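Okay, here's what each chain looks like letter by letter:
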Amino acid sequence: AKHGGRNRLAEFVPAMTAAAQRSAVLERELRRAIEHEQLAVHYQPQFECSTGRLIGVEALLRWRHPDHGPVSPAEFIPIAEESGLIVQLGAWVLQRACADVAAWEQAGGPALTVAVNMSARQLREPGFIDDVTRALAQSGLAPHRLELELTESLLMEDVPGAIAFMQAIRAIGVRLAIDDFGTGYSSLAYLQTFPINQLKVDRSFVQLLPGRGGTIIHAVLALARGFGLSVVAEGVEEQRQLEWLRHAGCDVVQGFLLGAPMAPDAFAARFLSGPDE
Ligand code: C2E
Ligand code: CA
Ligand code: CA
Ligand code: CA
């Protein structure tokens, strides 16, 4: 549908909104960022709720623009998805995440799991399973140490396709989590069809604790237990939220209270070189 190039574009450009212009610019800049290595993967720690033990990390993509400073993934991930750049970017995040976590262990740190976020575009990409296999092989990370985070809306876009994808991922031993659980419109019935390992309760519920947030999280914990899934609460910012979650029997916690996303070096310095190592 891109025939008649020049005239069409000339007509169209003046009508572009400021937001559309910004995203066109960001797409161009993002391509450059990939080439010039302005991107980084940061890691946020996850702790076992009952013991306080560090058990894993979530990998979060960061972009520091040379002129504009940090650009939020909430802004550039959708652009990367639309332009297809996410495929290349996602493969790179997987590779970095597996390599960093494997390296920490080789340096004497604990055997952490690493959660990597996925977008819809990657799920439809035929080469994705190969990207995962390659990232694991190159890093030497055991498959069960890698977890892919999928959102409900992503899964509901194409349920049979999503199930086939999830089965292929589970077949190579990689774990699956549903991210932002409770915010999309999923059908609870699918919980028994989706071959998942974990639910991540959205931080909007954690922030409502105790009250209404508590009612919802109790329900999620009961549901998860029934299906044999573990539960991560994200966005824990206050001590009283942490205490509530521990009391309620939540499995894993993550949030600014316990540690913000950090560059790999900062993460290793803070969590992997303690006096008790
Ligand atoms: P998400 O997967 O829900 O990631 C959690 C977000 O919450 C992160 O934002 C994290 O920095 C932030 N966060 C963590 N703890 C707290 C807390 O205690 N309070 C509050 N208010 N926020 C907290 P971030 O890094 O800006 O990422 C935003 C979103 O961008 C992510 O949401 C995810 O959907 C997407 N994203 C990030 N990295 C990637 C990636 O490599 N691939 C894909 N496809 N998406 C990514
Ligand atoms: Ca996530
Ligand atoms: Ca989330
Ligand atoms: Ca989110």
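In this text the structure is predicted, and so the values were computed from the model without any measurement. (Residues numbered from 1 in each chain as written. Chains lettered and ligands numbered in written order. Predicted model: local features only at pLDDT ≥ 70, side-chain atom pairs only at ≥ 80, totals over all residues. Heavy atoms only, no water.)

Peer 1: Could you clarify how one ought to interpret the overall build of the protein chain in this entry?
Peer 2: Broken down by element type, the protein chain carries twelve helices and nine strands. Its C-alpha atoms give the protein chain a radius of gyration of 20 Å, within 12% of the compact-globule value 19 Å for 277 residues. Its C-alpha atoms give the protein chain principal-axis dimensions of about 65 × 45 × 35 Å. Classification of the 277 residues of the protein chain by burial places 44% in the buried group. Here the contacts in the protein chain between residues at least 6 apart in sequence split such that 67% fall between residues at least 24 apart. Surface accessibility of the protein chain: about 14,200 Å² in total, with carbon and sulfur atoms responsible for 53%. One finds the centroid of the 24 positive side-chain charges in the protein chain at a distance of 3 Å from the centroid of its 32 negative side-chain charges. (Helix = DSSP H or I, 4+ residues; strand = E, 2+ residues; numbered from the N terminus. Rg over C-alpha atoms; globule rule 2.2 N^0.38 Å. Buried < 20%, exposed > 50% of the residue type's maximum accessible area, 1.4 Å probe, protein only. Contact = heavy atoms within 4.5 Å. Areas by Shrake-Rupley, 256 points an atom, 1.4 Å probe, with all protein chains shown as cover. Lys, Arg positive; Asp, Glu negative; His and termini not counted. Charge placed at Lys NZ, Arg CZ, Asp CG, Glu CD.)

Peer 1: Before we go on, may I ask you to explain the site of ligand 1 in this structure?
Peer 2: In the vicinity of ligand 1 lie 21 residues, with Gln 44, Arg 62, Arg 203, Glu 237 and Phe 256 positioned nearest. Contact between ligand 1 and Glu 58: an oxygen atom at 3.3 Å from a side-chain N or O atom of the residue. Within the side chain of Asp 180, one N or O atom sits 3.3 Å away from an oxygen atom of ligand 1. Bound to the protein, ligand 1 loses 82% of the 800 Å² it would expose on its own. At the level of elements, strand E2 (54-65), helix H3 (73-83) and strand E6 (175-181) are the ones that each hand at least two residues to the shell around ligand 1. Here the shell around ligand 1 gets four residues from one element, more than from any other, and that element is E2. (Near = heavy atom within 4 Å. Polar contact = N/O pair within 3.5 Å; in protein donor to acceptor, adjacent residues only side chain to side chain.)

Peer 1: Would you take a moment to explain the pairing of strand E8 (residues 230-233) for this structure?
Peer 2: Residue alternation in E8 divides its side chains into two sets, Ser 230 and Val 232 and Val 231 and Ala 233, and both sets are buried. Pairing of strand E7 (residues 198-201) with E8 involves four bridges; the strand directions are parallel. Bridge pairing links Gln 198 to Ser 230 in E8. When E8 meets strand E9 (residues 252-253), the two strands line up parallel, connected through two bridges. Across the sheet, Ala 233 pairs through a bridge with Val 253, a residue of E9. The parallel pair E8 and E9 is bridged by helix H11 (residues 239-248), and the resulting crossover is right-handed. (Pairing = 2+ DSSP bridges. Right-handed = clockwise from strand over helix to strand, strands pointing away.)

Peer 1: I tried to follow the coordination of the calcium ion (ligand 2) on my own but got confused; where do I start?
Peer 2: In a perfect tetrahedron of four donors around a metal, the angles come out at 109.5 degrees. In a perfect octahedron of six, they are 90 or 180 degrees. For the calcium ion (ligand 2), the full set of protein donor atoms is Glu 58 (OE), Asn 117 (OD1), Glu 149 (OE) and Asp 179 (OD), at a range of 2.1 to 2.3 Å. Of note, the calcium ion (ligand 2) draws all its donor residues from one chain, in the sequence arrangement E-x58-N-x31-E-x29-D. The metal-metal distance between the calcium ion (ligand 2) and the calcium ion (ligand 3) comes to 3.9 Å, with Asp 179 coordinating both. Note that Asn 117 is positioned in strand E4 (residues 113-117) and Asp 179 in strand E6, a separation of 62 residues in sequence. (Donors = N, O, S within 2.8 Å, 3.2 Å for Na, K, Ca; no water.)

Peer 1: I tried to follow the environment of Glu 29 on my own but got confused; where do I start?
Peer 2: Checked against the element boundaries, Glu 29 lands in helix H2 (residues 18-35). Separated by 39 residues in sequence, Glu 29 and His 68 place their C-alpha atoms 11 Å apart. When sequence neighbours within four positions are dropped, the list of residues in contact with Glu 29 reads Trp 63 and His 65.

Peer 1: Any chance you could explain the pattern of salt bridges here in plain terms?
Peer 2: Two side chains that carry opposite charge are able to pair once their charged atoms sit near each other. A full pass over the atoms with the stated rule returns twelve salt bridges. As a salt-bridge pair, Glu 27 and Arg 31 come within 3.0 Å of each other at their nearest N and O atoms. Highlighted residues: Glu 27 and Arg 31, both in helix H2, separated by four residues, approximately one helical turn. A residue is classified by how much of its surface remains accessible, and Glu 27, at 26% relative accessible area, is partly exposed. Taking relative accessible area as the criterion, Arg 31 reaches 38% and is therefore assigned partly exposed. The closest approach of N and O atoms between Arg 32 and Glu 29, which form a salt bridge, is 3.2 Å. Taken together, the positions of Arg 32 and Glu 29, both in helix H2 and three residues apart, correspond to about one turn of that helix. Among the charged side chains, a salt-bridge network with shared partners connects Glu 58, Glu 149, Lys 200 and Glu 234. (Salt bridge = Lys/Arg side-chain N within 4 Å of Asp/Glu carboxyl O.)

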